[in-house]
Amino acid sequence: MPQVSKLWARRRLAATIALVGLAILTGCGAERDARTSAPPTAEGRALKVYRHGMDESPTSLDPVQGSNVYANHVLINAYDTLFAYKYLARPYEIKPNLADGWPTISEDKLTYTIRIKPGVHYVDDPAFPGGTGRELVAADIVYSLKRHFDPATRAQGAWLWQDRIVGLDEWKSAGSDYDAEVEGLRALDRYTLRIKLTQPYPQLLDTLAQGYASVVPREAVEHYGREFAIHPVGSGPFRVVSYDTTRIVMDRNPDYRQEPVDLAAEGYDPATQGGYGLERIAGRSPPFIDRLEIHFIGENSARWNSFTKGDEIQYTQVPNEQVDQVLASKQPVRLRPEYAELYHVYAGTEAGFIFQTFNLSMPEFGYNPDPERERRNKALRCAVIKAFDWPARNESFYAGIGQVFPGIIVPVVPEFDPGLSRESVTRDVEGARRLLAENGWNAENLPVFTYGTVAGVINRLMYEQFRAGLKQIGYPPKKVVLKQYATFGDISKAWKQAELPWVVKGWGLDYPDAENTLQLYYGPNGSPGSNDANYHNPEYDRLYEQARVMLPSPERTQIYRRMNRMVIDDCLAVTGMARTRIYLWHKDVIALPDREIVGGFFLKYVDLEG
Amino acid sequence: MEVLQYALRKLVSGIPLILGVTFVSFLLMVYFGPDQTYQLLGKNPTPEQIAEVRHQLGYDQPFLVRYADYLRELATLDLGHSDSTGEKVSVLLGRTIPVSLLLVLPGFVLGNVLAIMLALLAAHFRSRWPDKLIMGFSVIGMSISYLIVIIAFQVIFSSSYGLGIFPVRGWNVHSFADYFNYVAVPTMATVFVALGYNTRFYRSVVVEELTRDHVRTARAFGAPPAQLLYRDVLKNCMIPIITRVVFSIPLIVISGALLVESYFGIPGVGKVTFDAITTGDQPVLKAVVGLTAVMFVLAQLLTDILYRAVDPRVSLG
């Protein structure tokens, strides 16, 4: 008998374990099902689901923390912004979005009056009384911009409007009371917003197209508190239904305003964009898909396997290691036939660049109390720049398809000068050696060159290539020292505290205007600001201050180009290269993907065959 | 009653361990971990804005005050919000730990059960070809990087370049069939690697046991091999086996399986922990470290109780 009861006890235990396991499993499934379920289409057809692959995940979905393209892919599709970028126009062009037409601008360019579209509603959410989304009004825009000046929100976008809008900085100093008025940021009525500037700000409309400028309802911010960052409540084309570390699922906002696509107004160019089926969205109101899934896949091999599987993600950026396998030709970019049969391709130059700059606050390479040493330092910097091998860098790490250019005005902005001398990006070992010798530099007195980077194989290889280049001009390899940082946060701290003599960096444009890269050398932006070079040139600063308040014009372009020339002539940086990004997407997807400028604004227009 | 008293004593004696682990970990986090200030700042921050963020993160508080807060959070299970996403840490862990458990459990069980069986077989045929075959396989499992195994298995079983019979990535689990679909390849990869380490370890335990007098006596009395291995060898090997298995559990529960989760797109706790480490998300890290310490105390307790269950000679005094 004891044997039998033991047996029963064991079976009971096994059954209990099995039941608990099943309960966990089914419970988990049921929860996910509820979180991701979408309403069936009214027409009873299959859901149109577009699965987008992205190489990183956003950290926060609170617009005030939407500091990168990954967050913006979600933000500008869950929320509305006053302005947006045209879907297809290149160079990028801005257009009214939530704004009901262009703003009225005062004669002195200091007052913008912006009408917003009436009848725009937030998605339904428990944050609202009765759970029904209310109408978006001008006061919401005032509230949303004020949040950037509230220290409690940990906002990252205040730099866009700091010292620009009358009374906003003072509002912050007075304690960020949302009920207190700001003179320069007022809702005149339900649908009219007035912005008063301290000085003309030609890029203002661009800043109002950023994810940072997403319009949020105060009720939702207060309802969710800190968890508002994972519960977006907007009025955009999609609403978020689930979000975790691997993907975000967004369903079509059924109440999104009806705005038929005018392809010509969006900048459609049949000659270059004619093969993507975009004509089929003309005259129809987006969004065209029922569900948007954005999958965050950091590992290139996993992303590629998922994309080529056929029934998983439908879009990917081609990883560098796949470029030779996929392309039949790099110039122009053309797919091999077996890939061309399955996928669309688009190759675009990034809206940004990679560059490496000296930190002039370090007396070894930059400003020095001794004028003679300062003169020799400049010669040393120029020699290092001459030693850099851009073609090798491009070939080794960017599949040879990056666009190397002189200076810091990047190719995608209208102010780019294709005729600028390429001397600063042309390797000249003999010239570098001569410069060092003429200025009294030799293996003994050359300073230790600390090359800071985030730990990683690719970064290490870049350092080795850089060091090999310096060796050829007579820089002793043992004096080119690698300093590795565990995380990007760590090296970012070192940059902001001006601890490194050499800053290796990439910069993505916030808006398509050369001002965005020229500010990288504006004196008052020195560390901890974005002027990591800590370059202080009164003439450069004067020109910057003059140009920053000017509207686009040939005169402004000339000023920009003069500043660009100063950066080159003062030997501040090894610069630069704009990477070429190659995007592939399945043939049944009707889209022209582009992750540059803001990021993800094309997702609203994606459609699927059938 | 004896077990309950022992458990209470053990739990109380585990408090210094938890305090020690949390103190050292927090010290490392604060003084050597990533500083999140600079990731939360905008592009042209002023010194005042830097000070504001540091204040928001609590970095401007003295170390001991921050540590005391940490202990209070652990004691009250009020773990705060993630500095990165703003999500409640308790909700975040509650959402991701079950996923990781479901993911790693089959591999963990199979990796140990199969390893024990292979170890018994190898030890029984010691120095003969089955032993050499199994040990050769173990060495292969141990030698190949887990990352390579994951990538290779993904290509072979999931991708269009291979068999393509399982999903490359995802976790849409609504039924047992879905679960099997998503967990099959990660489990195969895990078992492939785990078998190498586990089999070698268990084989050495079994070989040692086979040299004992009682085994030799049983063999002399003509005990059949299967009975000998199960009754006289395996049961006496249970103490090291239990130790290895039980002490693996806390890491499985809390740390998940980062590589598998990342490559197969599974929203488990491994990725959450990794992201917290690299970004310096201290509320998440503090919770993970604290819970790991607690789990180890519980594992120690469970191990002692299981020792007693498999060997009545073991005293819980």
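Up top is the structure these notes are about.
Keep in mind that what you see is a predicted model, and the values were worked out from it rather than measured.

The rules behind each value
Residues numbered from 1 in each chain as written. Chains lettered and ligands numbered in written order. Predicted model: local features only at pLDDT ≥ 70, side-chain atom pairs only at ≥ 80, totals over all residues. Heavy atoms only, no water. Phe/Tyr/Trp six-rings, centres within 6.5 Å; stacked < 30°, edge-to-face > 60°. Helix = DSSP H or I, 4+ residues; strand = E, 2+ residues; numbered from the N terminus. Buried < 20%, exposed > 50% of the residue type's maximum accessible area, 1.4 Å probe, protein only. Lys NZ or Arg CZ within 6 Å of the ring centre and 35° of its normal. Patch = residues over 30% accessible without salt bridge, like charges linked within 9 Å, V, L, I, M, F, W, Y side chains within 5 Å. Areas by Shrake-Rupley, 256 points an atom, 1.4 Å probe, with all protein chains shown as cover. Salt bridge = Lys/Arg side-chain N within 4 Å of Asp/Glu carboxyl O. Pairing = 2+ DSSP bridges. Axes fitted to C-alpha atoms, helices over the stretch in contact; angles between N-to-C directions. Contact = heavy atoms within 4.5 Å. Polar contact = N/O pair within 3.5 Å; in protein donor to acceptor, adjacent residues only side chain to side chain. Nonpolar A, V, L, I, M, F, W, Y, C, P; charged D, E, K, R; others polar.

K.L.:
Mind showing me how you'd approach the packing of aromatic side chains here?
P.N.:
For any pair of aromatic rings, geometry is given as the distance between the ring centres together with the angle between the planes. This structure, assessed with the given rule, holds 53 aromatic pairs over all chains. Note on Phe307 of chain A and Tyr343 of chain A: the rings are 4.6 Å apart at their centroids and 40° apart in plane angle, and the pair reads as tilted. Linking Phe307 of chain A in helix H8 (residues 300–309) with Tyr343 of chain A in strand E14 (residues 343–349), this pair joins segments that are 36 residues apart in sequence. Per residue, the accessibility class of Phe307 of chain A equals that of Tyr343 of chain A, and both read buried. By the ring-pair criterion, three or more aromatic residues cluster together here, those being Phe358, Phe365, Phe388, Trp390, Phe449, Tyr451, Tyr463, Phe466, Tyr475 and Trp502 of chain A. Taking the ring centre of Tyr201 of chain A as reference, the NZ or CZ of Arg164 of chain A above it sits at 3.8 Å. Here the guanidinium or amino end of Arg244 of chain B rests over the ring plane of Tyr202 of chain B, the centre of that ring lying 6.0 Å away.

K.L.:
Which parts of the structure should I look at to understand a nonpolar patch on the surface?
P.N.:
All names here are of chain B. A cluster of nonpolar side chains, Phe23, Val24, Leu27, Leu28, Tyr31, Phe32 and Leu64, forms an exposed patch at the surface whose accessible area comes to about 730 Å². Broken down by element, the residue count for the nonpolar patch peaks at 6 residues, all from helix H1 (residues 2–32). Assignment of secondary structure puts Leu28 in helix H1. In this structure Leu28 comes out as partly exposed when scored by relative accessible area, which is 46%.

K.L.:
I tried to follow the sheet that holds strand E8 (residues 238–243) of chain A on my own but got confused; where do I start?
P.N.:
Backbone hydrogen bonds hold the strands of a sheet together, and the pairing may be parallel or antiparallel. All names here are of chain A. Taking strand neighbours across the sheet as the criterion, the 4 strands line up as E1-E10-E9-E8 in an open arrangement whose pairing is mixed. Each having just a single partner strand, strand E1 (49–54) and E8 make up the two edges of the open sheet. Averaged over all pairs of adjacent strands, the angle between strand axes in this sheet comes to 20°, irrespective of strand direction. In this structure, strand E9 (residues 247–252) lies alongside strand E10 (residues 291–296), joined through 5 bridges in antiparallel fashion. Residue pairing for E10: Val249 is matched across the bridge by Glu293.

K.L.:
Sorry, what's going on with the interface of chain A and chain B here?
P.N.:
Accessible area lost upon the coming together of the parts is a frequently used measure of interface size. Of the residues lining the interface, 56 residues belong to chain A; the matching set on chain B comes to 54 residues. Across the chain A-chain B interface, the total number found is 5 salt bridges. Taking the shortest distance from any N to any O, the salt bridge between Lys172 of chain A and Glu52 of chain B comes out at 3.0 Å. At the boundary of chain A and chain B, one finds 21 residue pairs in polar contact (both at pLDDT 80 or more). Elements with a contribution of two residues or more to the side of chain A that touches chain B: helix H1 (2–36), E10, H8, helix H15 (488–496) and strand E19 (502–508) of chain A. Classifying every residue of the side of chain A that touches chain B by side-chain character gives 18 nonpolar, 22 polar and 16 charged.

K.L.:
Any chance you could explain the side chain of Gln519 of chain A here in plain terms?
P.N.:
Looking at where Gln519 of chain A falls in the secondary structure, it is placed in the loop between helix H16 (515–518) and helix H17 (538–547). A distance of 3.1 Å separates the side chain of Gln519 of chain A from the backbone oxygen of Asn516 of chain A, its partner in a polar contact. When near neighbours in sequence (up to four residues on either side) are disregarded, Gln519 of chain A contacts Trp507, Asn525, Ser530 and Tyr544 of chain A together with Asn44 of chain B.

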